[in-house]
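One letter stands for each residue in the lines below.
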Amino acid sequence: MLTKKLPPVHSFLLLVSRHVGHLARQQYDVIVVGGGHAGTEAAAAAARVGAETLLVTQKIHTIGVLSCNPSLGGVGKGQLVKEIDALDGLCGRAGDYAGIHFSILNRRKGPAVWGPRAQLDRQRYREFIQSELLSTPRLTVSEGSVEELLVTEPNPEEPGKHRVTGIRLANCDHSISASSVVLTTGTFLSGSLFMGQTSSPGGRIGDAPSSAGLSHTLRERLRLKIGRLRTGTPPRIVKDSVDLSLTQLHPPDSHPTPFSFLNTRTYCKPEEQLPCYLTYTTPGVERVVRESLHLNCHIQQDTKGPRYCPSIESRVLRFPGRKHQVWLEPEGVTSDLLYPQGLSMTMPPDTQLRLIREIPGMHKAEIHTPGYGVQYDFVCPTQLSPALQVKSTQGLFLAGQINGTTGYEEAAAQGLWAGTNAARWALSVPPVALSRTESYIGVLIDDLVSRGVTEPYRMFTSRAEFRTSLRPDNADLRLSLKGWKEAGCVSSLRYQEALRVKNSLQDALASLRALGMSTTNWRKKLPGIHISETKSSILTGMDVLQYKDVTFEMLANVFPEHLSSYMEFSQRLKIEAVYKPHCDANKKEIERIQREENMSLPQDIDYLSLPVSLSQEVREILDRVRPSTLGAATRLEGITPAAIVNLLNYVNFNGKREKIMHRNQTDQRDDREEELCARNASLPQ
């Protein structure tokens, strides 16, 4: 069932008003700058960990706004949403509440690469996120524009050249202090909006640009390496002006699959879901693009844009003569607009209308809001630790598009982890990291901090080496328990539910393994299933469940006394059985990588003069990126296997030497204590 009920509109507005205006305090543990997908998850996570948290955003009513497409999840991205939910994040439950069209992508392939996805009602999504944040304990939300970061000398006991101590708001005389600051500025960091030949400062149309002081602090004071990226959004189309009979109807799944492990159903009833529609570009679209290139300054610039969500101009120029898909997606239950997925564009508004009307079904279409492009600064993410903390600046964390990623899900995942570690830093607790062997979030962060980006980074299942283990169905088992015990970002309710599921699945799997029979007896029990006679003479229920046509329900019908109590987990048990051989085969490789991940590389190591056989090129790469672990070093482009072996030997040698030195120091201290005791004993009493 759904776990969240939103307050009535009048109550909701009162809730908002309590958080606007003068701040009750000027000292917080964590300050989060930005109220987008990264910022909302960061603020909520920091508060869940136990930190007094302040979220600063330009407009409270735009918190949780879906700036671009009204959808969540997909291939690779759906895995991130499930993992965010497993760590008690917001977006999965928000998707279940706001979803109006649910589907599982890639269903023809194996469950490991299924992509849970939903079209969203923009208003419902925003309401859910705002309601959650504004009722979260230890979290204050305030409107304001951050003028600059407050930076001072570092703590000499911690690595880093600077230490962040808070923020200063624009048009405000006083500062707000904090032990940690999380920047989630999205496209607002020195953002510029483009439409045709005009440009203006800003990160999203209708919102004020961010302060130049923040960019100045990052560039000039902290000396961070800054890059420039671009993105765009399509025009919004008036639904009644489109002839949908000329498009292909694509209905949702008849049984919606929730994102959240806490929900058994979605807010939108199956029969109330809305369809999507598919149409295609024509040669007329390509003609309009080519005729208007001289009017489009955004597309003529060299700034890198998203490879996997390019503008229609980029697609036409890169793949001339092709027919491109255009998905017409609903923006809400009561919305009269359609979102044309695949038609991001930055040409002048009148030219956009010409292009739109070259597409079947849209010959009389009207544009409600024209598309536009955005260019913005990002911080090269190799300057971050796996905790998403800036290596050179104590207490400063970055998440979202400021790290060079694209997409709601990628931003939310980073925000959750940055917020968790920012709170831990503020509370003087060691940071936590996620390995790429245990989560897609770990893959995302490791790719960013180890390899950096040359274009907006997007998650795909192909980026994960162990995707048969990192499935959407088992994210709770992989992460909820860790989130409770190690990270502290998971609630007791979530932990207890994950523990119940884990124990029940273990009991069910044990029951399946205990059902052992000969192939002859299995064929008698399941007469409609072809069980090979070449198989082992004894097969367990787990072995039989691996057969394609065998379901858990079949086995439960045959052995009700052993299996009927586990029907709740029938699909999960089937998936566990199917992937068990693959997971077993990967186990040794996963253990090897985890051993390497546990070998820390000192952050103050001088690679340029290290007494180890390394080429100058390798030394420069290591010095520039400064990987946190040996595992991260193995994934750097240009690092040779020989260099890794030499680094491994160095780490092992240093580790042994430190243990010997520590042992000698302990022995010397014990000797001094014994000598002191002996002296005291000889003194007159």
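Below or above, wherever it landed, is the structure these notes cover. (Residues numbered from 1 in each chain as written. Predicted model: local features only at pLDDT ≥ 70, side-chain atom pairs only at ≥ 80, totals over all residues. Heavy atoms only, no water.)

### A short note on the packing of aromatic side chains
Then, number 1: Tallied over the full model, the rule gives five aromatic pairs.
Then, number 2: Relative to Phe128, the ring of Tyr97 lies with its centre 5.7 Å away and its plane at 35 degrees, an arrangement referred to as tilted. Of this pair, Tyr97 sits in helix α4 (residues 91-98) while Phe128 sits in helix α5 (residues 122-134), and the two are 31 residues apart along the sequence. In this pair, the class of Tyr97 matches that of Phe128, namely buried.
Then, number 3: Between Trp522 and Phe559, the ring centres sit 5.8 Å apart and the planes meet at 75 degrees, which makes this aromatic pair edge-to-face. Within this pair, whereas Trp522 is found in helix α15 (residues 519-525), its partner Phe559 is found in the loop between α17 (552-558) and α18 (560-563), the two being separated by 37 residues in sequence. Comparing Trp522 with Phe559 shows no difference in burial state: the two are buried.
Then, number 4: Within the aromatic cluster, the residues linked to one another by ring pairs are Tyr97, Phe128 and Tyr267.
Then, number 5: Against the face of Phe261 rests Lys82, its NZ or CZ located 4.2 Å from the ring centre.
Then, number 6: If you follow Arg463 out to its NZ or CZ, it ends over the ring of Tyr457, 4.2 Å from the centre. (Phe/Tyr/Trp six-rings, centres within 6.5 Å; stacked < 30°, edge-to-face > 60°. Helix = DSSP H or I, 4+ residues; strand = E, 2+ residues; numbered from the N terminus. Buried < 20%, exposed > 50% of the residue type's maximum accessible area, 1.4 Å probe, protein only. Lys NZ or Arg CZ within 6 Å of the ring centre and 35° of its normal.)

### Brief notes about the pattern of salt bridges
Then, number 1: For the structure shown, the criterion picks out 35 salt bridges.
Then, number 2: Between Glu438 and Lys482 there is a salt bridge whose closest N-O contact spans 3.4 Å. Taken together, the positions of Glu438 in the loop between α11 (408-426) and α12 (440-451) and Lys482 in helix α13 (residues 475-487) put the pair 44 residues apart, joining distant regions of the chain.
Then, number 3: Overall, Glu438 belongs to the buried group, its relative accessible area being 18%.
Then, number 4: In this structure, the salt-bridge partner of Arg451 is Asp447, at a minimum N-O distance of 3.4 Å. Taken together, the residues span about one helical turn, with Arg451 and Asp447 both in helix α12 at a distance of four residues.
Then, number 5: Assessed through its relative accessible area of 3%, Asp447 is described here as buried.
Then, number 6: Among the ionic contacts, a cluster of salt bridges with common partners joins Arg436, Asp446, Asp447, Arg451, Glu465 and Arg635. (Salt bridge = Lys/Arg side-chain N within 4 Å of Asp/Glu carboxyl O.)

### Quick notes on the packing of helix α2 (residues 37-49) against α11
Then, number 1: At their nearest, the axes of α2 and α11 sit 7 Å apart, and the two run at 30 degrees to each other. Considering their axes alone, α2 and α11 lie roughly parallel with respect to each other. Considering how the two elements wind past one another, α2 and α11 form a crossing that is right-handed. Side by side, α2 and α11 meet where His37, Ala38, Glu41, Ala42, Ala45, Ala46, Arg48 and Val49 of the first sit next to Tyr408, Ala411, Ala412, Gly415, Leu416, Gly419, Thr420, Ala423 and Arg424 of the second.
Then, number 2: Partitioned by chemical class, the residues of the contact of α2 with α11 number ten nonpolar, four polar and three charged. (Axes fitted to C-alpha atoms, helices over the stretch in contact; angles between N-to-C directions. Parallel < 35°, antiparallel > 145°, perpendicular 65-115°, else oblique. Left-handed = near helix turned anticlockwise from the far one by under 90°. Contact = heavy atoms within 4.5 Å. Nonpolar A, V, L, I, M, F, W, Y, C, P; charged D, E, K, R; others polar.)

### A closer look at α12
Helical periodicity: at 3.6 residues per turn, an α-helix aligns residues three or four positions apart in one direction.
Then, number 1: The end-to-end C-alpha distance of α12 is 16 Å, a good match for the 16 Å that twelve residues give at a rise of 1.5 Å each.
Then, number 2: Restricting attention to buried positions, one finds in α12 the residues Tyr440, Ile441, Gly442, Val443, Leu444, Ile445, Asp446, Asp447, Leu448, Val449 and Ser450.
Then, number 3: Where α12 is buried, its residues meet α3 (77-86), α11, α20 (616-625) and α21 (630-634).
Then, number 4: The N-cap residue of α12 is Ser439: its side-chain oxygen and the backbone nitrogen of Gly442 are 2.8 Å apart.
Then, number 5: Phi turns positive one or two residues past the end of α12, at Gly452, with a value near 75 degrees. (Expected span 1.5 Å × (residues − 1). Polar contact = N/O pair within 3.5 Å; in protein donor to acceptor, adjacent residues only side chain to side chain.)

### What to know about helix α14 (residues 492-514)
Then, number 1: For α14, with 23 residues, the first-to-last C-alpha span of 33 Å sits near the 33 Å given by 1.5 Å per residue.
Then, number 2: Residues Arg494, Tyr495, Ala498, Val501, Ser504, Leu505, Ala508, Leu509, Ser511 and Leu512 constitute the buried set of α14.

### Concerning the pairing of strand β15 (residues 276-280)
Then, number 1: In terms of residue burial, β15 counts as a mostly covered element, since four of its five residues are buried.
Then, number 2: Inspection of the sheet shows strand β14 (residues 248-250) paired to β15 by three bridges, in the antiparallel sense. The residue bridging Gln248 from the neighbouring strand is Leu278, located in β15.
Then, number 3: Pairing geometry for β15 and strand β16 (residues 325-330), over four bridges, is antiparallel. Looking at the pairing, Leu278 lines up with Trp327 of β16. (Pairing = 2+ DSSP bridges.)

### Let's talk about the side chain of Thr57
Then, number 1: Mapped onto the elements of the fold, Thr57 is located in strand β2 (residues 53-57).
Then, number 2: A relative accessible area of 7% places Thr57 in the buried class.
Then, number 3: Once residues lying within four places of it in the same chain are set aside, the contact partners of Thr57 are Gly35, Ile63, Ser142, Glu143 and Gly144.

### A few points about the environment of Phe128
Then, number 1: The exposure class assigned to Phe128 is buried, which follows from its relative accessible area of 1%.
Then, number 2: Between the C-alpha atom of Phe128 and that of Tyr97, which follows or precedes it by 31 residues, the distance is 7.4 Å.

### Quick look at the sheet that holds strand β19 (residues 372-379)
Then, number 1: Spatially, the four strands line up as an open sheet ordered β11-β10-β19-β12, and their pairing is antiparallel. Strands at the two margins of the open sheet, each flanked by one partner only, are β11 (198-201) and β12 (226-233). Shown here is a sheet whose adjacent strand axes are inclined to one another by a mean of 25 degrees, direction ignored.
Then, number 2: Of the strand pairs in this sheet, strand β10 (residues 192-195) and β11 are connected by four bridges, and their pairing is antiparallel. What sits directly across from Ser192, in β11, is Pro201.

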